[in-house]
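The lines below spell out each chain.
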Amino acid sequence: MRFLNALKNDFRFQIKYGFYFLYAFFTVVYIAALQITPSEYKTLAVSFIILTDPAMLGIFFIGGIWLLEKGEGLHGFWCISPLRPIEYILAKAISLAVLSTISADLIVLIGMGGAVHLVRLSLSVFLGAVVFNLIGLMIASYARSVNHYMLIVCLPTAFLSMPPVLTAFGITHPLLELFPGTALWHMIAGAIDVTRSVNSLAAIVLILWLGLLSYFANKRIGTALQSEGGQGA
């Protein structure tokens with residue numbers, strides 16, 4: 001019940017600050033772009049769009065949410081909140097991942113058309129978005145302001161983006177397959193291209209990242225919230 005209430009509060013917070021509008025805006029822009037994309041490049045284009053925007057955009061938004069809450073003094077009430085750190089973390093990550101998944105589904109169904117594995121796509125984007133949201137939340141906990149966050153998040157995001165880009169253009173290496181972005185790329189491409197089989201290794205890699213990041217996020221965010229809660233008290 002605590003987790004569900006936190007999830008509902010996060011949805012309300014995102015509506016209040018216009019995150020739904022931003023996702024809708026980007027979705028419309030990408031659908032329009034796909035309408036004029038030559039058919040021979042459309043599959044590659046939509047794969048990149050979903051990877052870099054609906055799936056990874058949350059890494060920027062979740063940092064903004066953390067810092068907005070911090071600026072409003074909400075973290076100062078943590079010491080009297082019954083919510084556990086992992087519940088707080090997953091509510092944030094999942095609420096944005098739902099938006100990412102809806103956006104990705106609309107982009108593919110309207111902008112691309114044709115046969116896709118919609119359920120597989122939805123699960124892939126949702127799982128990947130949660131992973132990247134966890135990364136963004138941990139980075140945000142070290143930021144002093146929104147501008148500072150945008151500065152410190154750029155390098156990790158670029159680092160995480162390069163392996164799937166290289167893989168998409170045929171530059172492969174076993175180490176690249178261990179990156180969450182590469183695993184997500186394989187899962188998205190497999191969902192869009194119905195001739196591809198399920199990449200079980202990519203799914204396992206992404207699930208392992210989810211477990212690992214959840215563990216470290218629980219420790220880092222728990223410490224950060226306790227510190228800010230103590231200051232607020």
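Within any chain, residue numbers begin from 1 and follow the written order of that chain's sequence. Reporting of local features is limited, given that this is a predicted model, to residues whose pLDDT is at least 70; pairs of side-chain atoms are given and counted only at 80 or more, and all residues count toward the totals for whole chains, interfaces and linings. Note that the side-chain values use all heavy atoms of the structure and ignore hydrogens as well as water.

1. A closer look at the overall build of the chain
Applied cut-off: Helix and strand labels come from DSSP, where a helix needs a run of H or I of at least four residues and a strand needs a run of E of at least two; each type is numbered from the N terminus. Values of the radius of gyration come from C-alpha atoms, whereas the globule rule sets the reference at 2.2 Å times the count of residues to the power 0.38. We call a residue buried when its accessible area falls under 20% of the maximum for its residue type, exposed when it is over 50%, and partly exposed in between, using a 1.4 Å probe and counting protein chains only. Note on contacts: a residue pair qualifies if any of its non-hydrogen atoms lie within 4.5 Å across the two residues. Values of accessible area rely on a 1.4 Å probe in the Shrake-Rupley scheme; residue burial ignores everything except the protein chains shown. When charges are tallied, Lys and Arg are placed among the positive residues and Asp and Glu among the negative ones, while His and the ends of the chain are skipped. Charged groups are reduced to one reference atom each: NZ for lysine, CZ for arginine, CG for aspartic acid, CD for glutamic acid.
Tallying secondary structure elements over the chain gives nine helices and zero strands in all. For the chain, the N- to C-terminal ordering of α and β elements is α-α-α-α-α-α-α-α-α. In terms of overall size, the chain behaves like a compact globule, its C-alpha atoms giving a radius of gyration of 18 Å where 233 residues would be expected to give roughly 17 Å. Expressed as a percentage of the 233 residues in the chain, the buried residues total 49%. Excluding contacts between residues fewer than 6 apart, the proportion of contacts in the chain whose partners are at least 24 apart in sequence is 78%. As displayed, the chain has an accessible area near 11200 Å², and 71% of this comes from carbon and sulfur atoms. Within the chain, one finds 13 positive and 10 negative side-chain charges whose respective centroids are separated by 8 Å.

2. Digging into the environment of threonine 157
Cut-off, in case you're wondering: Residues adjacent in sequence count toward polar contacts only when both atoms are side-chain atoms; beyond that, a polar contact is any pair of N or O atoms within 3.5 Å, and within protein one must be able to donate a hydrogen and the other to accept it.
Residue placement: threonine 157 occurs in helix 7 (residues 146-168). Taking the relative accessible area as the measure of exposure, threonine 157 reaches 10% and is therefore buried. In this structure the side chain of threonine 157 is engaged in a polar contact, spanning 2.8 Å, whose partner is the backbone oxygen of valine 153.

3. Observations concerning a nonpolar patch on the surface
Just so we agree on the cut-off: In this scheme, patches are assembled from residues that exceed 30% relative accessible area and form no salt bridge. Like charges are connected within 9 Å, while nonpolar side chains (Val, Leu, Ile, Met, Phe, Trp, Tyr) are connected within 5 Å. Salt bridge, as used here, is a side-chain nitrogen of Lys or Arg placed within 4 Å of a carboxyl oxygen of Asp or Glu.
A grouping of Ile102, Leu106, Leu109, Ile110 and Leu118 is seen on the molecular surface, where their side chains present a nonpolar patch of about 410 Å² in accessible area. Per-element tally for the nonpolar patch: the top contributor is helix 5 (residues 85-112), with four residues. Relative to the helices and strands, leucine 109 is located in helix 5. Since its relative accessible area comes to 44%, leucine 109 is described here as partly exposed.

4. With respect to the packing of helix 2 (residues 19-35) against helix 5
Rule in force here: Axis geometry follows a simple rule: fit a line to the C-alpha atoms, using only the stretch in contact for helices, then measure angles between N-to-C directions, giving values from 0 to 180 degrees. Every angle not falling under 35 degrees, over 145, or within 65 to 115 is termed oblique; those three ranges are roughly parallel, roughly antiparallel and roughly perpendicular. Here a crossing is taken to be left-handed if its near helix is turned anticlockwise relative to the far helix by less than a right angle, and right-handed if that turn runs clockwise. As a working rule, the residues Ala, Val, Leu, Ile, Met, Phe, Trp, Tyr, Cys and Pro are called nonpolar, Asp, Glu, Lys and Arg charged, and the rest polar, with Gly in that last group.
Where helix 2 meets helix 5, the closest approach of the two axes is 9 Å, and the angle between their N-to-C directions is 20 degrees. By the angle between their directions, the pair helix 2 and helix 5 is classed as roughly parallel. When you trace helix 2 past helix 5, the crossing you get is right-handed. In this structure, helix 2 contributes Tyr20, Tyr23, Thr27, Tyr30, Ile31, Leu34 and Gln35 to the contact, and helix 5 contributes Leu96, Leu99, Ser100, Ser103, Leu106, Ile107, Ile110 and Gly111. Of the residues that constitute the contact of helix 2 with helix 5, the class distribution is 10 nonpolar, five polar and no charged.

5. Here we look at helix 6 (residues 118-140)
Along an α-helix, residues three or four apart share an orientation, since each turn contains 3.6 residues. Using the following cut-off: Take the number of residues in a helix, subtract one, and multiply by 1.5 Å to get its expected span.
Taking 1.5 Å of rise per residue, the 23 residues of helix 6 would be expected to cover 33 Å, and the 32 Å separating its terminal C-alpha atoms lies within 8% of that figure. Judged by how many residues are buried, helix 6 sits mostly within the fold: 18 of 23 residues are covered.

6. Observations concerning the nonpolar core
As a rule of thumb, nonpolar side chains are buried together in soluble globular proteins. Quick note on the threshold: What is meant by a nonpolar core is a set of buried Ala, Val, Leu, Ile, Met, Phe, Trp, Tyr and Cys residues, joined one to another through side-chain atoms within 4.5 Å.
Core analysis: the largest hydrophobic core is formed by 67 residues, its most contacted members being Val46, Ile50, Trp66, Tyr88, Ile135, Tyr149 and Ile188. The leading source of residues in this core is helix 6, at 13 residues.

7. Things to note about the confidence of the model for the chain
In low-pLDDT regions, the fine details of the predicted coordinates are not to be read closely. Defined as follows: Per-residue confidence from the predictor is reported as pLDDT, a score between 0 and 100.
Taken residue by residue, the chain gives an average pLDDT of 87. The fraction at 70 or more is 96%. Per-element confidence in the chain ranges from a low mean pLDDT of 84 for helix 3 (residues 39-52) to a high of 93 for helix 6.

8. Observations concerning the packing of aromatic side chains
Our working rule: Planes of paired rings set the category: under 30 degrees apart is stacked, over 60 is edge-to-face and the rest tilted, where pairs are Phe, Tyr or Trp rings (Trp by its six-membered ring) whose centres lie within 6.5 Å.
Taken as a whole and assessed by the stated rule, the structure comprises nine aromatic pairs. Both rings, one in phenylalanine 48 and one in tryptophan 185, keep their centres 5.2 Å apart while their planes meet at 35 degrees; by these two values the pair is tilted. Of the two residues, phenylalanine 48 is situated in helix 3 and tryptophan 185 in helix 8 (residues 180-192); the sequence distance between them amounts to 137 residues. Summarising the burial analysis for this pair, phenylalanine 48 and tryptophan 185 share the class buried. By the ring-pair criterion, three or more aromatic residues cluster together here, those being Phe19, Tyr23 and Phe61.

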